[in-house]
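Listed below, chain by chain, are the residues.
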Amino acid sequence: MYRFLLTPRWWGINLFVVLAIPFCIFMGSWQLGRFEDRVDSHRSAEAAPDPARQAAVPLAELLPVTTETSGKQAEARGTYAEQFLVPGRRLDDRDGYYVLGMLRTEGGPALPVVRGWVAGDADKAAPPPAPRGPVTVVGALQASENARTDGVDAAGGLPRGQVGMISSATLVNLVPYDVHDAWITQSSGQPAGMKAVPAVAPQGSGLDLKAFQNLGYTGEWFVFAGFVLFMWFRLVRREVEAARDLALGLPSEDGETGGHDGTAGRGGSTGREETAGQEESAGQEETTDQGETTGQGESAGQGASRTPVR
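About the thresholds
Residues numbered from 1 in each chain as written. Predicted model: local features only at pLDDT ≥ 70, side-chain atom pairs only at ≥ 80, totals over all residues. Heavy atoms only, no water. Pairing = 2+ DSSP bridges. Helix = DSSP H or I, 4+ residues; strand = E, 2+ residues; numbered from the N terminus. Core = buried A, V, L, I, M, F, W, Y, C linked by side-chain atoms within 4.5 Å. Buried < 20%, exposed > 50% of the residue type's maximum accessible area, 1.4 Å probe, protein only. Contact = heavy atoms within 4.5 Å. Phe/Tyr/Trp six-rings, centres within 6.5 Å; stacked < 30°, edge-to-face > 60°.

## Digging into the pairing of strand β2 (residues 73-91)
1) Next: Both strand β1 (residues 57-58) and β2 contribute to a ladder of two bridges, which runs parallel. Paired with V57 across the two strands is A74, which belongs to β2.
2) Next: Here β2 runs beside strand β3 (residues 94-105); their pairing, made up of 11 bridges, is antiparallel. Looking across to β3, one finds that Q83 is bridged to G101.
3) Next: With antiparallel pairing between neighbouring strands as the criterion, β2 and β3 make up a hairpin whose turn holds two residues, including D92 at a positive phi of roughly 55°.

Structure below.
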């Protein structure tokens, strides 16, 4: 009954099922693990002390930026060089821009420092003067922004003196020196008219929309695994029912009928009907031929009787 499972077509179906189900389970488990990691990072962030109240640590000890070091207070010493405006940044539900200063650190790459936020249009503003001479800046450490960061203008085409993304890959094209793959937002010491910019949580941490997307993907992959198994059982059941109907002589979906001897019943009947039809046609032709011959004989006899005897 189940010998059809060993046919080449079913070998392909079985191989697909054997590979698809473990793959779906693996992907679902992976998405669930990502969601659990976000939950753990969210709990750790809530349990950890406020980074703003912690003592500042030298910048070199916190690099490179990770989910553990992001937001911690970093201390850097250097001299301000170029300054840029970062338009399109909102704070307290108001539109404004960041004031970004490049701090040339001692014996290392420059460090981008967001000195503060100013309300208004960046196109009509100029950055306020930066402190002269060596300064020590303390602020929350942040990872370089990317195209998915909120407020980033990745389209380009900004006026001179503006930058849409706080990233070393962008800033290195605007200044003649190396730039750290990080930046800090200055915690205090802003000039009049500027507000301190609060630190943001690193991407990939916390219970944000992305975390619940991971949870939704988990359910989808497990549903896919169940659907593949369900369809396999359904195909097997359909094949078994078709074989039973054929053995009992019941018509199948394609119109075939099985006989008790395993042959197609309709096929045998059709053959007998065709044979009978052929014999009947042959008989009619033979009768017609005989009739034509007899008619010709009679015509010949009549012609002979009309000929006068001399």
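## Considering the nonpolar core
1) Next: Judged by nonpolar contacts, the single largest core of 17 residues is most densely connected at Y98, L100, M102, V114, I166 and L171.
2) Next: Where this core is concerned, the elements lending two or more residues are β2, β3 and β4 (110-119).
3) Next: Setting aside anything within four residues of it in sequence, one finds L171 in contact with F84, L100, M102, P112, V163 and V179.
4) Next: Among the nonpolar cores identified, the runner-up in size contains 13 residues, and Y80, V137, L141 and I184 belong to it.

## Overview of the packing of aromatic side chains
1) Next: Scanning all chains against the criterion turns up four aromatic pairs.
2) Next: Both rings, one in F23 and one in W221, keep their centres 5.6 Å apart while their planes meet at 85°; by these two values the pair is edge-to-face. Here F23 is found in helix α1 (residues 8-47), whereas its partner W221 is found in helix α3 (residues 209-247), with 198 residues between them in sequence.
3) Next: A centroid spacing of 5.1 Å and a plane angle of 80° characterise the contact between W232 and F233, whose relative ring orientation is edge-to-face.

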